[in-house]
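# A structural walkthrough
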Amino acid sequence: MDQFPEAEISNGIIHARLYLPDAEEGYYRGSRFDWAGVMPDLSYKGHTYFGQWFEKYSPTLHDAIMGPVEAFSPVGYEEIKPGESFLLIGIGMAEKPVEPKYFFTTPYQITNPGKWKIKKKPDLVRFSHSLADNAYAYEYTKTVQLTKGKPEMVLAHSLKNTGSKTIETNVYNHNFFLMDNQPIGPDYVVSFPFLPTVEPGETSAMGEINGHQILFTKELGNNGHLFYRNLQGFSDRAEDYDIKIENRKSGAGVRITCDQPISKFVFWSAHKTVCPEPYIHLKIEPGETFTWQILYEFYVMDTQ
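In this text the structure is predicted, and so the values were computed from the model without any measurement.

## Details of the overall build of the protein
Along the backbone of the protein there are zero helices and 22 strands. Expected size for 304 residues packed as a compact globule is a radius of gyration near 19 Å; at 19 Å, the protein falls within 12% of this value. Taken over the C-alpha atoms alone, the protein extends approximately 60 × 50 × 40 Å along its principal axes. A buried classification covers 51% of the 304 residues belonging to the protein. Excluding contacts between residues fewer than 6 apart, the proportion of contacts in the protein whose partners are at least 24 apart in sequence is 63%. For the protein, the accessible surface area stands at approximately 13600 Å², while carbon and sulfur atoms represent 46% of it. For the protein, the centre of its 29 positive side-chain charges and the centre of its 38 negative side-chain charges are spaced 3 Å apart.

Below you can see the structure in the form of structure tokens.
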């Protein structure tokens, strides 16, 4: 694979590699995911947690991406006409084509990519994205940092509305986990502090909900998917944003928590990736700043 702008970080316990935003040479230049924090590799105690789960790659393909990456819902899309631009945070302004509605798979043309600044230290990368447009303006900072002396990673975010219009959106982390390059199947277990439920009639031969857990009943295979479009059961307390993913064959595990409550929850898995997708809601008035933090705690289980 070609070489792309990247950075490596370590706290002596966790080692990670990140691709850096670049409108000309960056690994990911699509119009779906925030360009900050693309992570093809993270390792802890000989275990790996991310990797290439997809077969086809193109820098503008919407899901040719890896790691705990995030996506914001479009801002201002419904209010404009085709040919005008709407906001995609962490990407820039994009042109609205003639289409019936917004589709995240559409390769939208980016009309204003804003400006990126990157600060690198041995244990962190700080991404700063500033955008000034006729419609919207913001200053967005995302810091990926490994905690000193602990097997932890923190994604710390700050979004300041520097424009004259309210910024209201949802952001979710897709969490493209691939543990020890093991295909997704019965060895994986996903757990929650609440009792997850799904909409009536939403069942799958690939998996099941058992108490606080999502279980896989078979290996998904090349064309298999387990998809719950609207997990329910969580409260409006941040304590319910607490997810564990474990590969009970290899022993790799991770716990994900956040300081914000879940507003929506989607769950999706394919042959080589397991993806709990918790959303949070943001409404930022002009001059205001919204902050949120996601914590990843990595661990290894005894498989004997």
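## Quick notes on the pattern of salt bridges
Under the criterion given, the structure shown has nine salt bridges. A network of salt bridges, in which partner residues are shared, links Glu6, Arg17 and Asp41.

## Topic: the sheet that holds strand β20 (residues 264–270)
Spatial ordering of the open sheet is given by β5-β13-β21-β20-β17, a layout of five strands whose pairing is antiparallel. Two strands bound the open sheet, and with one partner strand each, they are β5 (70–72) and β17 (226–228). Averaged over all pairs of adjacent strands, the angle between strand axes in this sheet comes to 20 degrees, irrespective of strand direction.

## Some points on the sheet that holds strand β7 (residues 92–95)
One key point about sheets: their strands pair by backbone hydrogen bonds, in either a parallel or an antiparallel sense. Within the open sheet, the three strands sit side by side as β6-β7-β8. Their pairing is antiparallel. The sheet terminates laterally at β6 (85–88) and β8 (110–112), the two strands that pair on one side only. The mean angle between the axes of side-by-side strands here comes to 45 degrees, regardless of whether they run parallel or antiparallel. Direction of pairing for β6 relative to β7: antiparallel, over a ladder of four bridges. Across the sheet, phenylalanine 86 pairs through a bridge with alanine 94, a residue of β7.

## Some remarks on the packing of aromatic side chains
For the coordinates displayed, the defined rule picks out 29 aromatic pairs. For the pair phenylalanine 4 and tyrosine 27, a centre-to-centre distance of 5.1 Å together with 90 degrees between the ring planes defines the contact as edge-to-face. In this pair, phenylalanine 4 is assigned in the segment before β1 (6–10) and tyrosine 27 in the loop between β2 (14–19) and β3 (38–44), connecting sequence segments 23 residues apart. Neither phenylalanine 4 nor tyrosine 27 differs from the other in exposure class; each is buried. Ring centres 5.9 Å apart and planes at 70 degrees place the aromatic pair phenylalanine 194 and phenylalanine 234 in the edge-to-face group.

## Section: unusual backbone geometry
Phi at aspartate 180 is positive, roughly 55 degrees, even though this residue is not glycine. On the secondary structure map, aspartate 180 appears in the loop between β13 (167–173) and β14 (188–191). Owing to a relative accessible area of 16%, aspartate 180 belongs among the buried residues under this scheme. In the Ramachandran plot, asparagine 181 falls in the positive-phi region, its phi being about 60 degrees despite a non-glycine side chain. Relative to the helices and strands, asparagine 181 resides in the loop between β13 and β14.

## A closer look at the environment of alanine 7
In this structure, alanine 7 sits in strand β1. Sequence separation between alanine 7 and proline 122 is 115 residues; the distance between their C-alpha atoms is 9.3 Å. When neighbours within four sequence positions are excluded, alanine 7 is seen to be in contact with Ala16, Arg17, Leu18, Leu20, Lys120 and Val125.

## Observations regarding the environment of serine 58
If you trace the backbone, serine 58 turns up in the loop between β4 (47–48) and β5. Put simply, serine 58 and threonine 197 are 139 residues apart on the chain and 36 Å apart in space, counted from C-alpha to C-alpha.

## Observations concerning the side chain of lysine 142
Its place among the elements puts lysine 142 in strand β11 (residues 137–146). Polar contacts involving the side chain of lysine 142 include one to the side chain of glutamate 70, which spans 2.7 Å. Not counting chain neighbours up to four residues away, the residues in contact with lysine 142 comprise Asp34, Ala36, Gly37, Pro68, Glu70, Val125, Arg126, Phe127, Leu155, Ala156 and His157.

## Digging into the pairing of strand β18 (residues 242–247)
Extensive coverage of β18 is indicated by the burial of five of its six residues. Two elements, β14 and β18, share four bridges in a ladder whose sense is antiparallel. Among the inter-strand pairings, valine 190 is bridged to a residue of β18, identified as isoleucine 245. As defined by bridge partners, β18 adjoins strand β19 (residues 252–258) across five bridges and the pair is classed as antiparallel. Residue glutamate 246 lies in a different strand from β19, and its bridge partner there is glycine 253. Connecting β18 to the next strand, β19, in antiparallel fashion are four residues, including glycine 251 with a positive phi near 95 degrees.

Conventions and cut-offs
Residues numbered from 1 in each chain as written. Predicted model: local features only at pLDDT ≥ 70, side-chain atom pairs only at ≥ 80, totals over all residues. Heavy atoms only, no water. Helix = DSSP H or I, 4+ residues; strand = E, 2+ residues; numbered from the N terminus. Rg over C-alpha atoms; globule rule 2.2 N^0.38 Å. Buried < 20%, exposed > 50% of the residue type's maximum accessible area, 1.4 Å probe, protein only. Contact = heavy atoms within 4.5 Å. Areas by Shrake-Rupley, 256 points an atom, 1.4 Å probe, with all protein chains shown as cover. Lys, Arg positive; Asp, Glu negative; His and termini not counted. Charge placed at Lys NZ, Arg CZ, Asp CG, Glu CD. Salt bridge = Lys/Arg side-chain N within 4 Å of Asp/Glu carboxyl O. Pairing = 2+ DSSP bridges. Axes fitted to C-alpha atoms, helices over the stretch in contact; angles between N-to-C directions. Phe/Tyr/Trp six-rings, centres within 6.5 Å; stacked < 30°, edge-to-face > 60°. Polar contact = N/O pair within 3.5 Å; in protein donor to acceptor, adjacent residues only side chain to side chain.

It is worth stressing that arrangement in space is one thing and function is another; only the former is reported here.
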